[in-house]
Amino acid sequence: MHKPLANPAMLDGKLPVSLKLGWATGAFGVAVLMNGISALVLFYMTTVLRFDPAVAGFIIFASKIYDAITDPFSGWLSDRSKSDKGRRRPFLFWGALVSAAAFLMVFTVPFIGPFPSMTEGPGLVAAGYMLLALLIYTTGYSMFNVPYMAMPAEMTRDYHERSSIHGYRVVIAAIGGFLVQSGGGALLEVLGKDWDAYAMLAAAGAGAILVTMLIAYAATARAPAMPQTDTKLPFREQVKGFLANRPFQLILSVKLVQLIGIAASSGGLVFLLASVLGRPLTLMGLIGAAMIAAVFISTPLLVRLSKVIGKRGAYMVSAAVTGVAALSWALATPDEPIWALMLRGFGTGIAFAGNVLFAMSMLTDAMEIDAHRTGLRREGMYSALYSFVEKLAAAIGPLILGGALSVAKFDAGKSSIGDEGVRQAVLVGIAYVPAAMAVLAVIILFFYRLDEKQLAEIRANSVLKEA
């Protein structure tokens, strides 16, 4: 039986490495699920199923409207759960099952329209099936990730320990993202990038999602947690609490613009290699390896940097690196050396580590101050709002890239290497939009003020009895 800690003073110490590592393992499954969809589904729909790029992008975008229901509902349910296994953990279990099944569905479309040759594109049945599969994916992602991301706010109150626990998550998420994008790209290249290749990739990804998410469920059986508060507030007062939480609003705004850039670029790399540079997708493995190396090297250094210049300052540095790394793709040429591609991957890895690490650590701080001001523990609802923004951005990214490719009249069977229109369309997704979003992120962060000292003052004036 799960027994939440009743004494918050016990939440101020260091968390066991085994707990941080076990909880963070769930990020591997989340990364495979999210990156597998965002990086490969548009390419899959346009090259295997032969959807028009704009139509494919719209289907992905349309599936995200459903998030307006699933994310808040998952957060609301987990906040109010009274399970003896903990408020959040049952959702991790069921979310793992649905997420794994959805990943398999997305990349194993059993029918691709009435035309076997696919010369006239997929039919409405295929489009409907893909939309349904993406809706199930959205459901599973919400079931798992919303409660999952709420858990660190209950595990520790230590300002820097929150960065530490998310540091573990950053590294494991990077490994998961690397394997699905780079390893997946290599597997598709070797197997022929056809329907059967994607089906094999789907089976492997679904297995990885299921196992790692269930590990997080098992590992957090004795994780520190706080029980649901008895405080009751009218709905209007609860809304006021959200509106008054300026740090949360700012972090959410930063993540929205950054994630739009990431979503646009993650699907663009495969197009850049295959359709612009004319290079094999196996190079995604080398680029990804450089990214993973950067994550391993930079994550502990970034945690140390935040202790010197604060989380906000370190976050701004990471955002600046994001912009530079993104713009560097505009210089990529078909005959440039592999080390140049890997160097860009290394810069992207540093940006990824900082952006995820500090956003989530600062989001956890923002969740806590709401509890002190309102007396309500609603980390699930805050996590739901973040998750909704995350998936909204994941929908806007393919819409941007798909629209740009459609304007450039990209055709998987006809577009040739060296087509400047296609090149510029891909650069919109992988370079120009991410760089612009990085600039916006830095501007927004100038207005963020919550630091360790201010958080301590808020705790001192908390309306929570145990604070």
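Residues numbered from 1 in each chain as written. Predicted model: local features only at pLDDT ≥ 70, side-chain atom pairs only at ≥ 80, totals over all residues. Heavy atoms only, no water.

> Can you walk me through helix 15 (residues 420-445) in this structure?
Note: α-helices contain 3.6 residues per turn, so residues at a spacing of three or four share the same orientation. Look at helix 15: 36 Å from first C-alpha to last across 26 residues, which is about the 38 Å you get at 1.5 Å a residue. At Val428, helix 15 shows its largest kink, close to 50°. (Helix = DSSP H or I, 4+ residues; strand = E, 2+ residues; numbered from the N terminus. Expected span 1.5 Å × (residues − 1). Bend = angle between axes of the 7 residues up to and from the residue.)

> What exactly am I supposed to notice about the pattern of salt bridges here?
Opposite charge on two side chains permits them to pair, given that their charged atoms come into close proximity. According to the stated counting rule, one finds 5 salt bridges in the structure shown. A salt bridge links Asp365 to Lys311; the nearest nitrogen and oxygen atoms lie 2.8 Å apart. Here Lys311 lies in helix 12 (residues 283-327) and Asp365 lies in helix 13 (residues 338-374), a separation of 54 residues in the sequence. For the pair formed by Asp365 and Lys311, the shared burial category is buried. A salt bridge links Arg344 to Glu336, with the nearest nitrogen and oxygen atoms 2.5 Å apart. (Salt bridge = Lys/Arg side-chain N within 4 Å of Asp/Glu carboxyl O. Buried < 20%, exposed > 50% of the residue type's maximum accessible area, 1.4 Å probe, protein only.)

> I'm lost on the side chain of Thr364 in this one. Help?
Considering the arrangement of structural elements, one finds Thr364 in helix 13. Note on Thr364: relative accessible area 1%, which makes it buried. Beyond its immediate stretch of four places on either side in the chain, Thr364 contacts Pro152, Ala153, Arg162 and His166. (Contact = heavy atoms within 4.5 Å.)

> How should the nonpolar core be read in this particular structure?
Soluble, globular proteins show a tendency: their nonpolar side chains are buried together. In terms of nonpolar packing, the biggest core is built from 131 residues, with Tyr44, Met45, Phe107, Met130, Phe271 and Trp329 touching the most fellow members. When residues of this core are assigned to their parent elements, the largest contribution, 17 residues, is made by helix 1 (residues 17-47). Among residues more than four places away in sequence, those in contact with Phe107 are Gly36, Ile37, Leu40, Val41, Tyr44, Tyr198, Ala199 and Ala202. (Core = buried A, V, L, I, M, F, W, Y, C linked by side-chain atoms within 4.5 Å.)

> Honestly, unusual backbone geometry in this entry has me stumped. Any pointers?
Comment: phi is negative for the bulk of residues other than glycine, and the bulk of peptide bonds are trans. One non-glycine residue with positive phi stands out, namely Arg50, at about 65°. With respect to the helices and strands, the residue Arg50 is situated in the loop between helix 1 and helix 2 (53-65).

> Hey, could you run me through the packing of helix 5 (residues 124-150) against helix 14 (residues 379-407) in this one?
Two packed helices can be described by the angle between their axes and the distance between those axes. Contact geometry for helix 5 and helix 14: axes closest at 8 Å, N-to-C directions at 130°. On the basis of their axis angle, the class for helix 5 and helix 14 is oblique. The two elements helix 5 and helix 14 cross, and the hand of that crossing is right-handed. For the pair helix 5 and helix 14, the contacting residues are Thr138, Tyr141, Ser142, Asn145, Val146, Met149 and Ala150 in the first and Glu379, Gly380, Ser383, Ala384, Ser387, Glu390 and Lys391 in the second. Here the residues of the contact of helix 5 with helix 14 are counted per class, giving 5 nonpolar, 6 polar and 3 charged. (Axes fitted to C-alpha atoms, helices over the stretch in contact; angles between N-to-C directions. Parallel < 35°, antiparallel > 145°, perpendicular 65-115°, else oblique. Left-handed = near helix turned anticlockwise from the far one by under 90°. Nonpolar A, V, L, I, M, F, W, Y, C, P; charged D, E, K, R; others polar.)

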